[in-house]
Amino acid sequence: MGILEIKGVNKRFGGLQALGNVNLSVEENTVHAIIGPNGAGKSTLLNCLVGKLIPDSGSVMFAGQSVLGRHPHEINQMGISRVFQTPEIFKDLSVFENVLIPCFAKRDGAFRMHAFETIEHERDIIEQAEAILADVNMLEKRDMIASSLSRGDKRRLEMAMCLVQEPRLLLLDEPTAGMARADTNNTIDLLKQIKAKRNITMAIIEHDMHVVFSLAERITVLAQGTPLVEDTPENIKGHPKVREAYLGEAQV
Amino acid sequence: MLGLNRKDTILMLIVIALTLGAPVLLNPFPADSAMAQFNAGYPDLMQRFVIFGILAIGFNILFGLTGYLSFGHAAFLGVGSYAAVWMFKLLSMNVVPALVLSVVVAGLFSVLIGYVSLRRSGIYFSILTLAFAQMSYNMAYSVLTPITNGETGLQVYSNDPQYLLGNGPQVTHLFGLEMRAKAVVEMGGWTFDFSVGYYLAAIMMLAAFYLSLRIFRSPFGMMLRAVKSNQNRLNYTGINSRPYTLAAFVISGMYAGLAGGLLASMDPLAGAERMQWTASGEIVLMTILGGAGTLIGPVVGAVFIKYFENIFSKINEHVLHGWFGWLPDGVEDVVTWILARFVGEGWHLTLGLLFMLVVIFLPGGLVEGGQKLARLLRRSRPDGTTPSNTPAE
Ligand SMILES: Nc1ncnc2c1ncn2[C@@H]1O[C@H](COP(=O)(O)OP(=O)(O)OP(=O)(O)O)[C@@H](O)[C@H]1O
Ligand SMILES: [Mg+2]
């Protein structure tokens with residue numbers, strides 16, 4: 001039994017079958033990559049996991065509990081965090097405030113009427129937020145307004161916001177898209193570090209094969225909404241069906 | 001001090017000093033000088049400044065922080081006034097029970113309206129709040145006349161029960177201290193009015209301002225700003241934005257209720273026109289004009305608009321002729337004719353133009369304008385001190 005069990009999930013958009021009978025199991029403490037050509041349904045699948053979309057049929061179980069029909073904030077509180085394909089951050093807030101919010105969400109839950117506390121007095125939370133910013137090398141940018149960050153920094157900030165919550169399952173939708181090579185390598189190192197430091201399961205969608213083969217322990221290939229094969233990275237590299245469906249058009 | 005850092009303490013002290021000193025500061029011209037008509041230091045107007053200041057401070061907690069634009073906040077102002085007058089009719093003319101009830105009733109009413117309206121966001125939210133407020137306004141004139149006294153307006157009559165009146169004062173008072181009582185101080189040519197009513201309202205406004213300052217600096221306030229910035233991300237970060245927005249809505253509704261209660265405490269009368277959509281629009285104007293999302297902006301906007309409404313509207317063609325009498329006859333007529341369009345009954349035109357200028361050139365409101373000016377002055381200072389980057393207040 002994996003920590004995440006997806007069984008028989010279907011999702012249609014009008015006439016388009018975006019997901020067709022998806023079965024997928026993600027083992028605890030592994031990095032599981034989902035690859036596939038554009039429009040394969042990778043983001044749609046993630047959307048079904050975090051409460052943004054509800055599948056037409058099938059089941060999604062996380063740590064033994066169904067996530068279907070729950071609100072995004074409830075699913076996050078169950079221990080699933082998500083990095084989006086285009087960074088979702090609080091663009092009008094400072095970098096520091098961006099990481100403070102997930103810290104409060106983790107400690108205080110989905111709602112707390114903390115109107116008469118002062119942020120400056122929350123020593124523990126401030127330390128946590130500073131530590132994660134140091135981890136992603138953004139401490140010196142803490143007072144910048146998030147919208148003024150470079151695209152790469154926005155991605156790192158979003159990653160920090162997810163990591164500081166110490167989720168049990170981290171979903172990453174193309175975490176290195178739009179990053180320079182050096183930043184991509186930093187991100188790989190960061191994710192490896194995180195992986196080594198704590199128990200965390202990651203499901204990662206990625207087009208950059210360098211990233212996929214550096215991190216993944218299992219790979220699922222999705223094509224036209226259906227999983228084609230699932231195997232170890234070594235076996236995927238040489239798989240004829242994969243070459244045909246996907247790798248044929250991308251650099252390995 | 002009181003959970004504020006140094007910078008906020010200074011800001012709070014400045015606001016306290018300005019508010020308590022207002023009867024003097026707003027009367028800079030000798031009472032019998034030609035400029036005396038620009039004096040704003042009389043109790044009636046100063047009360048309006050601080051009462052509408054409370055209203056705008058509260059509105060800013062909703063609109064300035066969360067970005068949810070309510071077009072129905074006048075409903076809470078009206079409800080607060082009705083609640084207060086009912087306390088005068090049933091108990092006594094003491095303002096304490098009146099103010100307490102007006103805050104409580106407005107709070108309950110805003111839970112109801114907020115709960116329904118906050119199911120939508122953006123323009124749909126605005127329309128829902130507008131619809132609720134107009135509904136309240138129309139009901140006050142029709143089915144609710146037993147409570148609101150319809151077009152006459154709710155007021156205190158001598159045959160009202162007033163169970164706790166005893167032989168207490170027949171006018172509104174705070175444990176015997178009459179609201180209309182005032183000390184008049186004459187100094188040289190100047191006259192200053194220190195009125196009980198103003199100081200009660202002023203202290204309420206200072207408390208309201210302090211509360212909003214604390215909210216701005218709290219984790220709660222940060223969550224509200226996060227709602228405005230990216231509600232989607234907030235939800236995927238494990239925060240349920242609905243109770244946060246509802247709390248902000250109810251807090252701002254209670255502020256409006258307090259303002260309504262204070263209006264009735266100064267003049268024990270409540271009419272439905274206080275709930276009309278134009279009144280709701282005025283609250284929006286005040287907040288945006290002063291600077292939505294800034295701490296002090298809403299008060300600045302409230303003072304500005306109330307000053308215009310009361311002072312500019314009193315300048316008529318006759319007054320203008322007095323000012324420009326020194327011009328050659330034909331020129332004088334033209335000048336006064338043109339200027340007359342912008343003062344007196346034309347003050348709305350001036351206000352409208354001003355509002356447009358602010359929205360186009362100073363999206364951060366008058367407060368942003370003030371900050372820009374301060375920065376310019378600092379930069380042009382010859383000693384070359386480096387301009388400091390003060391974040392928006
Ligand atoms: N909300 C939606 N409404 C209608 N169609 C949608 C919606 N979301 C996705 N689709 C369609 O479903 C298909 C799968 O989209 P999805 O975004 O999941 O692909 P993807 O594998 O993430 O692709 P990419 O690698 O480009 O990100 C696409 O054809 C897309 O146009
Ligand atoms: Mg995608």
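All of these numbers come straight from a predicted model, not from anything done at the bench. (Residues numbered from 1 in each chain as written. Chains lettered and ligands numbered in written order. Predicted model: local features only at pLDDT ≥ 70, side-chain atom pairs only at ≥ 80, totals over all residues. Heavy atoms only, no water.)

K.L.:
Can you walk me through the sheet that holds strand S5 (residues 65-66) of chain A in this structure?
P.N.:
The strands making up a sheet associate through backbone hydrogen bonding, with each pair oriented either parallel or antiparallel. Residue and element names in this part refer to chain A. With respect to topology, four strands assemble into an open sheet ordered S2-S1-S4-S5, the strand pairing being antiparallel. Only two strands of the sheet have a single partner each, and these edge strands are strand S2 (16-26) and S5. Across seven bridges, strand S1 (residues 4-13) lies against S2 in antiparallel orientation. Residue pairing in the sheet places Arg-12 in a bridge with Gln-17 of S2. (Pairing = 2+ DSSP bridges. Helix = DSSP H or I, 4+ residues; strand = E, 2+ residues; numbered from the N terminus.)

K.L.:
Please explain the packing of helix H7 (residues 196-216) of chain B against helix H9 (residues 241-266) of chain B as it appears in this structure.
P.N.:
A packed helix pair is summarised by two numbers, namely the angle formed by the two axes and the spacing between the axes. All names here are of chain B. At a minimum axis separation of 10 Å, H7 and H9 run at an interaxial angle of 175°. Here H9 runs roughly antiparallel to H7, going by the angle between their axes. In this structure, H7 uses Gly-197, Leu-200, Ala-201, Met-204, Ala-208, Leu-211, Ser-212 and Ile-215 to contact H9, whose residues at the interface are Ile-251, Tyr-255, Leu-258, Leu-262 and Met-266. Grouping the constituent residues of the contact of H7 with H9 by class yields 11 nonpolar, two polar and no charged. (Axes fitted to C-alpha atoms, helices over the stretch in contact; angles between N-to-C directions. Parallel < 35°, antiparallel > 145°, perpendicular 65-115°, else oblique. Contact = heavy atoms within 4.5 Å. Nonpolar A, V, L, I, M, F, W, Y, C, P; charged D, E, K, R; others polar.)

K.L.:
What is the right way to look at the packing of aromatic side chains in this model?
P.N.:
The geometry of an aromatic ring pair is captured by two quantities: the separation of the ring centres and the angle between the planes. On inspection of all chains with the given rule, the structure shows 13 aromatic pairs over all chains. Centre to centre, the rings of A:Phe84 and B:Tyr236 are 5.1 Å apart; their planes meet at 70°, and the pair counts as edge-to-face. Here A:Phe84 is found in the loop between strand S6 (80-83) and helix H3 (95-108), whereas its partner B:Tyr236 is found in helix H8 (residues 219-236) on a different chain. Per residue, the accessibility class of A:Phe84 equals that of B:Tyr236, and both read buried. Aromatic pair B:Phe76 and B:Phe249: ring centres 5.7 Å apart, planes at 90°, arrangement edge-to-face. Of the two residues, B:Phe76 is situated in helix H3 (residues 74-90) and B:Phe249 in helix H9; the sequence distance between them amounts to 173 residues. Note on accessibility: B:Phe76 and B:Phe249 belong to one class, buried. Three or more aromatic residues joined by ring pairs form one cluster here, namely B:Tyr68, B:Phe76, B:Phe109, B:Phe125 and B:Phe249. (Phe/Tyr/Trp six-rings, centres within 6.5 Å; stacked < 30°, edge-to-face > 60°. Buried < 20%, exposed > 50% of the residue type's maximum accessible area, 1.4 Å probe, protein only.)

K.L.:
Looking at this model, I keep getting lost on the packing of helix H2 (residues 43-66) of chain B against helix H10 (residues 277-290) of chain B. Mind explaining?
P.N.:
All names here are of chain B. It is at 9 Å that the axes of H2 and H10 come closest, and there the two elements cross at 80°. Regarding the angle of H2 to H10, the classification is roughly perpendicular. Across the interface between the two elements, Phe-52, Leu-55, Ala-56, Phe-59, Asn-60 and Phe-63 from H2 touch Glu-282, Ile-283, Val-284, Met-286, Thr-287 and Ile-288 from H10.

K.L.:
For this particular structure, what's the right way to read the sheet that holds strand S7 (residues 169-173) of chain A?
P.N.:
Residue and element names in this part refer to chain A. The mixed open sheet is built from six strands, whose spatial order is S6-S7-S8-S3-S9-S10. Of all the strands in the sheet, the pair left with one neighbour each is S6 and strand S10 (226-231). Between one strand axis and the next, the sheet turns by 15° as a mean value, whatever way the strands run. Relative to S7, S6 is paired through four bridges, and the arrangement is parallel. Bridged to Ile-80 within S7 is Leu-169.

K.L.:
Just to check I follow, could you spell out the coordination of the magnesium ion (ligand 2) for this structure?
P.N.:
Four donors placed tetrahedrally about a metal ideally form angles of 109.5 degrees, and six donors placed octahedrally ideally form angles of 90 or 180 degrees. Residues and elements named next belong to chain A. Protein-derived ligands of the magnesium ion (ligand 2) are Ser-43 (OG) and Gln-85 (OE1), with the metal-ligand distances lying across 1.9 to 2.3 Å. Of this pair, Ser-43 sits in helix H1 (residues 42-49) while Gln-85 is found in the loop between S6 and H3, placing the two residues 42 residues apart along the sequence. The exposure class of Ser-43 is partly exposed, given its relative accessible area of 23%. Its relative accessible area of 34% is what places Gln-85 among the partly exposed residues. (Donors = N, O, S within 2.8 Å, 3.2 Å for Na, K, Ca; no water.)

K.L.:
Would you mind showing me how to read the domain arrangement of chain A here?
P.N.:
How big an interface is tends to be reported as the loss of accessible area on association of its parts. All names here are of chain A. In terms of domain boundaries, chain A breaks down into domain 1 (1-79 + 167-252) and domain 2 (90-165). Distance between the C-alpha centres of domain 1 and domain 2: 26 Å. Contact residues are listed per partner, giving 20 residues for domain 1 and 13 residues for domain 2. A buried area of about 1400 Å², summed over both sides, lies between domain 1 and domain 2, and 58% of it is on carbon and sulfur atoms. Its largest share of buried area at the contact with domain 2, domain 1 owes to Gln-77, Pro-167 and Leu-190, together 30% of the area lost on that side. At the boundary of domain 1 and domain 2, one finds one salt bridge. Between Lys-197 and Asp-135 there is a salt bridge whose closest N-O contact spans 3.6 Å. The interface formed by domain 1 and domain 2 includes four residue pairs in polar contact (both at pLDDT 80 or more). (Domains from an automatic or database assignment. Buried area = accessible area lost by both parts, 1.4 Å probe. Salt bridge = Lys/Arg side-chain N within 4 Å of Asp/Glu carboxyl O. Polar contact = N/O pair within 3.5 Å; in protein donor to acceptor, adjacent residues only side chain to side chain.)

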